Amino acid sequence: MLGAERSRRLLLLRALYDRSIRVASGSGDFPVSLHDAWESLERAQAKAPGVVEQVLLAPGTGTWVSAALRRLRGTLHSDVPLWATLGHLASLAAAAAAAARIEFILRVPACEGTVSLPGLGFAALPAQKDWTTARVAGDQWSVRITCGGGEVVVGPDWERQVPGWRPTRRMTLGQGAAAGSVALEEHDPYRTFSGPTAPRVLSESEARSWQSSLAEAWNILLRDAPAHTDAMRRGLMSITPLPGGERFRPYSSSSAEAFGGINASLPDEGSELAATLVHEFQHVKLGALTHLSPLVRRAEKTHERPELFHAPWRDDPRPLEGVLQGIYAFLGVARFWRANRRAANAAHAPLAHFEFALWREAVWSTLHRVRGHERLTPLGRLLLESLLQSCAGWLGDDVPDAELRLAREAAASHRARWREHHLRPSPDLVDEAVRAWRRGEACPPLAHAASSLVPDSDARFLDTAAVLARHRLTDPDGSWRDPAATGDRVRGAGPVDVLLARGERSAARGELAEQLLYGDPAVGSWAALGRALADSPEHRAACRFLIRSPEWARAIRETLHEEHGQRPDPLALAAWLGVATNRPGPSG
């Protein structure tokens with residue numbers, strides 16, 4: 001895949017240069033010479049091809065070349081001047097020429113005094129305006145960067161910090177033949193897959209934390225996922241540190257256009273960082289595969305909205321392409337936790353068991369939902385069948401009862417809350433059910449009736465049950481148990497969520513019944529009521545209905561309230577709906 005990505009990157013770069021030259025020649029004000037930049041790249045390539053390849057294959061270069069081509073095609077809008085976008089070629093050329101230690105003089109874009117030499121570092125100079133140019137001149141000994149009346153001289157050691165110059169941090173992970181090298185990318189303007197983005201320089205303590213955590217994660221991967229580690233050693237080029245996220249909700253991302261790059265916040269534990277690296281590198285690999293051959297055919301009716309699916313790892317409905325990415329990524333995550341739980345110490349093992357059970361179920365159920373989709377290419381079908389076989393081999397793996405129960409409940413909670421947010425039942429069937437309720441008749445069969453998918457942009461934190469389960473497993477007596485304060489620590493968690501996480505279902509039932517009867521209940525309340533009824537034998541049918549189809553309870557309750565001024569007793573309505581699950585109904 002590395003060879004294929006290299007060929008693709010070079011072809012895109014040449015296509016961009018050819019089109020950019022035409023644009024620049026037709027512009028009366030283009031302050032960067034693309035011809036000089038290309039000539040400098042060629043001379044650097046002749047002297048030090050490895051250096052040039054490192055610059056051109058960097059993840060940020062992939063993001064930039066893709067964005068620049070889209071701008072030329074008119075499919076991407078940006079407030080950045082076009083000359084600055086295209087002129088980033090000169091920044092790459094200056095970085096390659098400096099690293100190759102050849103003589104050169106280039107003008108490169110500068111934003112608010114920041115002059116980037118991707119892969120080497122950046123200079124901070126007096127800012128005169130948002131966008132201007134800087135002069136970069138170098139020889140075999142040093143590079144002189146001038147802009148806005150200021151000057152920075154760097155070299156011959158690019159990794160040494162001097163006034164006005166911040167070098168790119170590079171970290172060696174592991175030792176000997178198992179060692180890997182990765183850039184901790186704080187500077188590249190296109191490191192965040194959007195760009196240009198201003199540098200975000202870590203403090204020394206932050207850098208030490210990253211070094212320590214990455215070293216720990218790497219050692220865990222060497223022990224638990226050696227195949228992943230071997231691939232990362234060759235393909236993982238940079239990690240862009242992001243601000244810290246909430247406990248058990250670290251942020252990470254990757255892009256098919258930025259092969260080898262990962263953006264990530266720093267989790268609390270080395271095993272969590274290891275899982276994050278596995279997750280994102282799975283995306284990186286699958287993105288490279290789709291560059292070689294598509295997994296999904298284009299929809300025949302392009303004017304129609306794309307078909308969307310439930311993805312157990314997302315709040316929003318996802319297209320088929322996104323679902324496949326998630327399946328591949330989380331199968332890697334499940335495989336990692338499967339191995340990690342065997343090696344984890346007693347204190348950490350419960351969390352590892354939970355993660356394995358949660359993602360095994362998520363991948364297995366989603367694979368079955370899409371495996372026979374008509375838009376899959378032969379390669380897509382082959383891939384999914386291979387993943388299905390791998391996951392099937394894990395179904396017999398034992399998981400302790402407590403962790404397995406928590407994982408199943410978290411998965412069911414996500415699915416039910418997703419349905420309550422995004423599915424809209426047939427208005428005609430809702431009206432039929434409302435009429436039956438008001439006449440005191442039996443509920444018509446609804447559980448298998450088709451609903452329309454209407455994405456709800458307000459859907460947030462559908463993974464709250466899973467996050468609280470992680471807190472429960474790692475800190476059973478912790479502050480998360482306080483219903484009044486947990487919302488400050490676990491976003492999206494209300495008092496009812498905490499009661500459910502503590503196993504206090506009766507108290508949760510009482511809270512939910514009052515909210516649904518007298519208040520303005522949040523979306524997701526019916527799904528939560530289904531969980532709250534799980535230990536109540538007399539409400540077994542109601543529980544089953546609300547976990548499977550809470551959108552019906554929401555729609556019927558809202559219609560009764562808005563059109564008839566009635567507030568039905570939620571437990572009575574849930575029981576009435578539950579009876580319908582035992583009678584056959586329409587499929588959909």
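Predicted model only: the values in this text are computed from it and were never measured. Residue indices begin from 1 for each chain and proceed along its sequence in written order. At least 70 in pLDDT is required for a residue's local features to be given in this predicted model, at least 80 for side-chain atom pairs to be given and counted, and no such filter applies to totals for whole chains, interfaces and linings, which use all residues. Hydrogens and water molecules were not included; the side-chain quantities draw on all heavy atoms of the structure.

**Quick look at the packing of helix H14 (residues 427-439) against helix H20 (residues 550-564)**
Running from N to C, H14 and H20 point in directions that differ by 70°, and their axes come no closer than 10 Å. In terms of axis orientation, H14 runs roughly perpendicular to H20. Of the two elements, H14 crosses H20, and the hand of that crossing is right-handed. Taking contact as the criterion, the partners of Leu-429, Val-430, Asp-431, Ala-433, Val-434, Trp-437 and Arg-438 in H14 are, on H20, Trp-552, Ala-555, Ile-556, Thr-559, Leu-560 and His-564. Tallied by class, residues from the contact of H14 with H20 come to nine nonpolar, two polar and two charged. Axis angles are defined between N-to-C directions and span 0 to 180 degrees, where every axis is a line fitted to C-alpha atoms and, for a helix, only to the segment in contact. Numbering of helices and strands starts at the N terminus; helices are DSSP runs of H or I of at least 4 residues and strands are runs of E of at least 2. Between 65 and 115 degrees an angle is taken as roughly perpendicular, under 35 as roughly parallel, over 145 as roughly antiparallel, and anywhere else as oblique. By convention, the crossing between two helices is left-handed when the near helix turns anticlockwise from the far helix through less than a right angle, and right-handed when the turn is clockwise. Throughout, a residue-residue contact means that at least one pair of heavy atoms, one from each residue, lies within 4.5 Å. Ten residues, namely Ala, Val, Leu, Ile, Met, Phe, Trp, Tyr, Cys and Pro, are considered nonpolar, four, namely Asp, Glu, Lys and Arg, are considered charged, and the remaining ones, Gly among them, are considered polar.

**Re the state of the cysteines**
Pairs of cysteine sulfur atoms within 2.5 Å are what we label disulfides. The full count for this structure, using the stated rule, is zero disulfides. The structure places no disulfide on Cys-147, whose sulfur is separated from the nearest cysteine sulfur, that of Cys-111, by 10 Å. Residue classification places Cys-147 among the buried residues on the basis of a relative accessible area of 6%. Among the cysteines around Cys-443, which has no disulfide bond, Cys-543 carries the closest sulfur, lying 17 Å off. For each residue, the accessible area found with a 1.4 Å probe, counting protein chains only, is set against the maximum for its type, and the residue is called buried under 20%, exposed over 50%, and partly exposed in between.

**Things to note about the nonpolar core**
Side-chain atoms within 4.5 Å are what join buried Ala, Val, Leu, Ile, Met, Phe, Trp, Tyr and Cys residues into a set we call a nonpolar core. Core analysis: the biggest nonpolar cluster contains 80 residues, and Trp-210, Leu-214, Leu-277, Phe-336, Phe-354 and Trp-359 have the highest contact counts within it. In contact with Trp-210, other than residues within four places in its own chain, are Met-171, Leu-184, Leu-202, Ile-239, Pro-241, Ala-264, Ser-265, Leu-266 and Leu-273.

**So, the sheet that holds strand E10 (residues 238-242)**
Pairing in this open sheet of five strands is mixed, and the strands run E8-E9-E10-E12-E11 from one edge to the other. Of all strands in the sheet, those bounded by a partner on one side alone are strand E8 (169-173) and strand E11 (252-253). Whether two strands pair comes down to DSSP finding at least two bridges between them. With two bridges joining them, strand E9 (residues 180-184) and E10 adopt parallel strand pairing. What sits directly across from Leu-184, in E10, is Ile-239.

**Looking at the packing of aromatic side chains**
What counts as a ring pair is set by centres within 6.5 Å for rings of Phe, Tyr and Trp (its six-membered ring), and what kind of pair is set by the plane angle: stacked under 30 degrees, edge-to-face over 60, tilted for all other angles. Counted by the stated rule, this structure contains six aromatic pairs. Taken together, a centroid distance of 4.3 Å and an interplanar angle of 15° make the contact between Tyr-17 and Trp-38 stacked. Taken together, the positions of Tyr-17 in helix H1 (residues 2-25) and Trp-38 in helix H2 (residues 34-47) put the pair 21 residues apart, joining distant regions of the chain. Each member of the pair, Tyr-17 as well as Trp-38, is classed as buried. Joined through ring pairs, the aromatic side chains of Trp-313, Phe-330 and Trp-359 make up one cluster. One cation-aromatic arrangement involves Arg-247 over Phe-248; the distance from NZ or CZ to the ring centre is 3.9 Å. Only when the NZ of Lys or the CZ of Arg is both within 6 Å of the ring centre and within 35 degrees of the ring normal is a charge said to sit over the ring.

**What about the environment of Pro-455?**
Within the secondary structure layout, Pro-455 lies in the loop between strand E16 (451-453) and helix H15 (464-474). Relative accessible area serves as the criterion here: at 40%, Pro-455 is assigned to the partly exposed category. On a C-alpha basis, the gap between Pro-455 and Leu-358 in space is 24 Å, while along the polypeptide they are 97 residues apart. The contact partners of Pro-455, leaving out residues within four places of it in the chain, are Arg-305, Leu-308, Pro-317 and His-422.

**Some words on the packing of helix H11 (residues 349-370) against H15**
Following both chains from N to C, one finds H11 and H15 inclined at 155°, their axes separated by 9 Å at the closest point. In terms of axis orientation, H11 runs roughly antiparallel to H15. Helix-helix and strand crossings are classified by hand; for H11 and H15 the assignment is right-handed. Of the residues in H15, those in contact with Pro-350, Leu-351, Phe-354, Glu-355, Leu-358 and Trp-359 of H11 are Ala-466, Ala-469, Arg-470, Leu-473 and Thr-474. Taken together, the residues that form the contact of H11 with H15 break down as eight nonpolar, one polar and two charged.

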